[in-house]
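Reading the structure
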Amino acid sequence: MDKEQQGHLDDLETTALGALDTQFAFGPYQFSPTRQLLTLDGQPVRLGSRALAILSTLIERSGHLVSREELIAGAWPNTHVEEGNLRVHISALRKALGDSNETPRFIVNVAGRGYRFIAPVQRVEPEERPAPFEPAPSSRRDELPSLIASVYGRSDDIDALTVILKTARQISLVGTGGIGKTTVALELAHRVKHLFDDGAFFVDLAAVSDPAVVPFAIASAIHVAIDTEQPVESLASKLRANHALLILDNCEHLIDAAAQTTENLLKGSPRLHIIATSHEPLRIQGERVYRLAPFELPSGVEDLTLREALAYPAIQLFVEHMLAADDAGLIGDADVPFIVEIGRRLDGLALAIEIAASRAGAFGIAELASRLDDRLGILTAGRRTAANRHQTLRNMLDWSHDNLGDVDRIVLRRLAVFAGEFTFRAAGLVAGDEHLTPTRVLEGVSSLVRKSLLMQTSRAGAASFRMLDSARIYALEKLGLAGEVRRVRALHVHYLCDILREAESSWPVTPAQTWTSTYSRYIDDIRTALTWSFGPTGDTAGGVLLTSLALPLAMQLGLHDEFGERMVTAIERAKELPSPLVVPELRLHVAKNHLTYNVGQSLDDTFRRAIELAELTGKDRHRIEPLVTLGSTHISLGQYESSAAIGGRALAMAERSGDEFAVLSVSRAMAQAAHYSGQHERALDLAKAVLRHRVVNIPYTYGFMHTDRRITMRWVLVRSLWMTGHADSAVRVAEEGITIADEAGPVALAQLLGMAVIPMYLWRGDHRIARNLVGRLLEHSERYSFKHWKAWCTLFENALDWHDGLGPVAPAMGTLQAQTLSTVVGLAVEPPPVTSIADWAAPELLRLHGLRLVENGDLEGGEDQMARAVQISQSHGAVAWELRAVTSLARLWQDRRREDAVSRLSDVLGRMPEGHDTADVVAAQQLLGQIT
């Protein structure tokens, strides 16, 4: 059978099916189950096969509840799919029917059960079928293209434009390429065309390359002939009496001609209204500029379901275009983060999202999201019938770029090195050169804003700018082709170093939260600058310097893992430099030491280079930097006396330097060392003195103690107050610290809870509060990837479970952890050895060893250990440990030395100024009551 015969048979089959086809009518719609065709007033409505299958099932059961399972089985036979896919297709079906969930006319959702088709349905047999719809004749001319696709997320814009059009005769709809200007202009025109007696007309100027042809293109669209000598005046004369709406689409490449023609037409035709779409305003008299914004995207997507995500137009656009391209595709809740990421990286631009959706079937949604660095190469499958500039992302950007002047092109490609916001000053420093003065750069920036290639915002009353991500990737290609990458990137690095030096200067006088908010906008630029600096053609010295300056900001933002890796890279790459950058390298090594002292590194290997670099400076002010961190490292290793000795040496050096920040920084470190070496009263004095100092923040450049001193000194106070018998005061300070911690940076809360507050509540016996705080610390640690603090959470949870009778206690890793665990669970684990009587936990550990000896039958040896515990706790001023030791002795003595037991218990309880409801005090009072 040849093709002609086959075609004839196909026609016959179609005709026969049409003749036998029973259809269903509801409202203005008709549906043919046989042909799977939905029509509106005789015109086909675009719907995928899944949505049509769902409609067919609903209509067959019109008026009855159809379960979700039945609908899924009908649309996806023999296939397991998530319910989210049903919701997606129901949403598409409702949109095609002009229906809504809030005021349904056709489909109603019965929560948790299914859907019901509620509109009256009429069965239409072939012989009853009405003739195709023919509109009544009208004198009003409608020269607008039909809207084939749905309009997403622009109802508020169209409502606002409808209001504006009542008072303004000319509106310029402005926005970057692909944002949806033409779609909005057409939707607006269709909505208001009935208000214009002489109709509405659409003129696409994209195909016009000669400015002189603009008036002729308009004349052709409205079907009038005009004078070739004075075309604008002639066109205005023809339209003088007309009450009409004119859409001038894509004016950007003919902006001067479009502006002149528009202004002359408005002057000569008093009842004419004009809507222009362009990348930039026309800048004519009477113009109302309306800028279209990109689609909004959800900020947090961790728990966002597909149903919730579909409330965002960008997500709805992606999902429906993906299913239109391949309605066999499946989408579920797990895809939502990737769809949001795609929308965000494509700047919320409708055209880019549309093209990306058409490629999702080929790559898969997650894979597509991971490939967007190559978006110019992969987003190449726009609609075949679309204008050439809308068929690929690159074509769209080429169109915008080709319409720029030479200076604008230079400024655009150079500003592409900015990953985030930038100011006029920043633009001038990075994009300028001997030929391009700061003034000309400023003019270029202003021009690019007008042309919608830069987004302008305001921060603290000053203008700032941002390039959309796709435009930035495109412009970076142009920067490479111009051979300017190294020079402009290096200027970008130096600019960021200047910004971070400014940040360093403002840190001592600016609250941490304000400081972080001010400088956090530079973090993406820092990332891109460091990636380039340590790349094959980068600037190693600039990268080393930038890394050292960026670490304080990274710590405030909780980016410990990421910038820890960047720090290690900078240290390794610094070895390649012909001569050391002494102070930046010193600070990198000090920071590394501080950030890794909890993971058990070797002291010799870690500190040798830092001490060498400090000596190269020849200044005590720099010599104390590695000593401050060295003291902290000794604490983490359980070498508390060494820490105190190092602190004393550093304090003498700081006082000799005459630098008050040096003295303050060392005093902070010394307060911690004093507490852990059993000098609790001195720790209290030092901590209070540090807190009284007038400075807002201690500079990072004095040992990289990166946690707010209001937190570090409060955790010293919490622990030392508890040790010295002020258990209630410790709670008050803990509560103050928790309140402050939220504004003091991510590490602050972790340190406060892990080092002091949770142990304090465990020592008090307040297990419910402790467990709640452990949950908070765990959530915080997971959010910021704090592995060290997650390990502490495991220790605390294990101890609490043991107290609740839920299992044995696992041994702890590390000296400080093992000591802390023993002070909480007693002999449930084997207590660690006492290596020094100066250690903060020495009295309690001696008491526990004494109890173990008593258990093993060595009563005399046990008493000796407990007596030593009492003696050492008194020398430490640790009345809390003394109470535990005396209580244990009193239990041993209650039969044979009852008077001594009563005397010692009474004495120590009398010296407990507060905390009378804590577990240890209550137990001691009960014992005293029993033996008196």
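Conventions we followed
- Here the residue numbers are simple positions, counted from 1 along each chain's written sequence.
- This being a predicted model, a pLDDT of at least 70 is required before a residue's local features are given, and a value of 80 or more before pairs of side-chain atoms are given or counted; all residues contribute to the totals for chains, interfaces and linings.
- Only hydrogens and water are set aside when side-chain values are computed; all heavy atoms of the structure are taken into account.
- Only DSSP runs of H or I reaching four residues or more are called helices, and only runs of E reaching two or more are called strands; each is numbered from the N terminus.
- The quantity called the radius of gyration is restricted to C-alpha atoms. Its globule counterpart is 2.2 Å times the number of residues to the power 0.38.
- When a residue's accessible area, from a 1.4 Å probe over protein chains only, is under 20% of the maximum for its type it is buried; when over 50% it is exposed; and in between it is partly exposed.
- What makes two residues a contact is simply this: any of their non-hydrogen atoms within 4.5 Å.
- All accessible areas in this document rest on Shrake-Rupley with a 1.4 Å probe, and a residue is counted as covered only by the protein chains that are shown.
- Counting rule applied: Lys, Arg positive; Asp, Glu negative; His and chain ends not counted.
- Each charge is placed at NZ for Lys, CZ for Arg, CG for Asp and CD for Glu.
- By this definition, two strands are paired if DSSP reports at least two bridges between them.
- Summary of the metric used: pLDDT quantifies the predictor's per-residue confidence within the range 0 to 100.
- Here a salt bridge means any side-chain nitrogen of Lys or Arg lying within 4 Å of a carboxyl oxygen belonging to Asp or Glu.
- Multiply 1.5 Å by the residue count of a helix minus one, and that product is the helix's expected span.
- Each Phe, Tyr or Trp ring (for Trp, its six-membered ring) is paired with any other whose centre lies within 6.5 Å, and the angle between the two planes then decides the class: stacked below 30 degrees, edge-to-face above 60, tilted in between.
- To define a nonpolar core, start from buried Ala, Val, Leu, Ile, Met, Phe, Trp, Tyr and Cys residues and group those joined through side-chain atoms within 4.5 Å.
- Angular values range over 0 to 180 degrees, each being the angle between N-to-C directions of two axes fitted as lines to C-alpha atoms, with helices fitted over their stretch in contact.
- Every angle not falling under 35 degrees, over 145, or within 65 to 115 is termed oblique; those three ranges are roughly parallel, roughly antiparallel and roughly perpendicular.
- For this classification, Asp, Glu, Lys and Arg are treated as charged, while Ala, Val, Leu, Ile, Met, Phe, Trp, Tyr, Cys and Pro are nonpolar and the rest, including Gly, are polar.

An unreviewed UniProt entry lists the chain under the name Helix-turn-helix transcriptional regulator, with Devosia ureilytica as the source organism.

The next subject is the overall build of the chain. Along its length, the chain carries 42 helices and 16 strands. For 932 residues, the compact-globule estimate of 2.2 N^0.38 gives 30 Å, and the chain exceeds it by more than 25% at 38 Å. Counting only C-alpha atoms and orienting by the principal axes, one finds that the chain spans roughly 120 × 75 × 60 Å. When burial is assessed residue by residue, the chain has 55% of its 932 residues classed as buried. For the chain, long-range pairs separated by at least 24 residues make up 67% of all intrachain contacts whose partners lie at least 6 apart in sequence. Split by element, the accessible area of the chain, about 40200 Å² in all, is 50% carbon and sulfur. Where the 95 positive side-chain charges of the chain centre and where its 115 negative ones centre are 3 Å apart.

This paragraph deals with the pairing of strand 15 (residues 455–459). Pairing analysis gives five bridges linking strand 15 to strand 16 (residues 462–466), with the strands arranged antiparallel. From the neighbouring strand, Ser 458 faces strand 16, where its bridge partner is Ala 463. The loop that links strand 15 with its antiparallel partner strand 16 comprises two residues; one of these, Ala 460, has a positive phi angle of about 55°.

On to the confidence of the model for the chain. For the chain, the average pLDDT comes to 86, and 91% of its residues sit at 70 or higher. Across residues 1–20, where pLDDT falls below 50, the model places six contacts with residues more than four positions away in sequence or in other chains. In this model residues 128–139 is a low-confidence stretch, pLDDT under 50, and it forms nine contacts with partners more than four residues away in sequence or in other chains.

Any two side chains of opposite charge can pair, so long as their charged atoms come close to each other. Overall, the coordinates contain 46 salt bridges when judged by the stated rule. Of the charged contacts in the structure, one is a salt bridge between Glu 280 and Lys 451, with a shortest N-O distance of 3.4 Å. Here Glu 280 is found in the loop between strand 13 (273–278) and strand 14 (287–291), whereas its partner Lys 451 is found in the loop between helix 19 (438–450) and strand 15, with 171 residues between them in sequence. Like Glu 280, the residue Lys 451 is buried in the burial classification. Across the pair Asp 433 and Arg 414 runs a salt bridge whose closest N-O atoms are separated by 2.9 Å. Remark: Arg 414 occurs in helix 17 (residues 406–415) and Asp 433 occurs in the loop between helix 18 (424–431) and helix 19; sequence separation between them is 19 residues. Overall, Asp 433 belongs to the partly exposed group, its relative accessible area being 21%.

The backbone of Asp 347 shows a phi angle near 65°, a positive value even though the residue is not glycine. Mapped onto the secondary structure, Asp 347 falls in the loop between helix 12 (336–345) and helix 13 (350–363). A positive phi is found at Ser 785, a non-glycine position, where the angle reads about 55°.

Below, the discussion takes up helix 35 (residues 767–784). Between the first and last C-alpha of helix 35 there are 26 Å, a value that for 18 residues agrees with the 26 Å anticipated at 1.5 Å per step. In this structure, the buried residues of helix 35 make contact with helix 33 (727–741), helix 34 (746–764) and helix 36 (787–803). Of the residues trailing helix 35, Ser 785 is marked for its positive phi of about 55°.

Our focus in this paragraph is the packing of aromatic side chains. As enumerated under the stated definition, the model contains 24 aromatic pairs in all. Seen in terms of ring centroids, Phe 26 and Phe 117 are 5.1 Å apart; in terms of plane orientation they differ by 85°. Their pairing is edge-to-face. In this pair, Phe 26 sits in strand 1 (residues 23–26) while Phe 117 sits in strand 7 (residues 114–117), placing the two residues 91 residues apart along the sequence. The exposure classification of Phe 26 matches that of Phe 117, with both residues buried.

This part takes up the nonpolar core. Core analysis: the largest hydrophobic core is formed by 133 residues, its most contacted members being Phe 318, Val 319, Ile 342, Leu 415, Val 445, Ile 526 and Phe 563. By residue number, the principal contributor to this core is helix 21 (residues 485–506), which donates nine residues. The contacts of Ile 342, once residues within four sequence positions are left out, are Phe 318, Ala 356, Ile 365, Leu 368, Ala 369 and Leu 372. With 89 residues, the next largest nonpolar core counts Ile 711, Met 755, Cys 793 and Val 824 among its residues.

Orientation of helix 17 relative to helix 20 (residues 469–481), taken along the N-to-C sense of each, is 105°, at an axis distance of 7 Å. With respect to helix 20, the element helix 17 is oriented roughly perpendicular. Across the interface between the two elements, Leu 412, Arg 413 and Arg 414 from helix 17 touch Ala 475, Lys 478 and Leu 479 from helix 20. Residue composition of the contact of helix 17 with helix 20, by class: three nonpolar, no polar and three charged.

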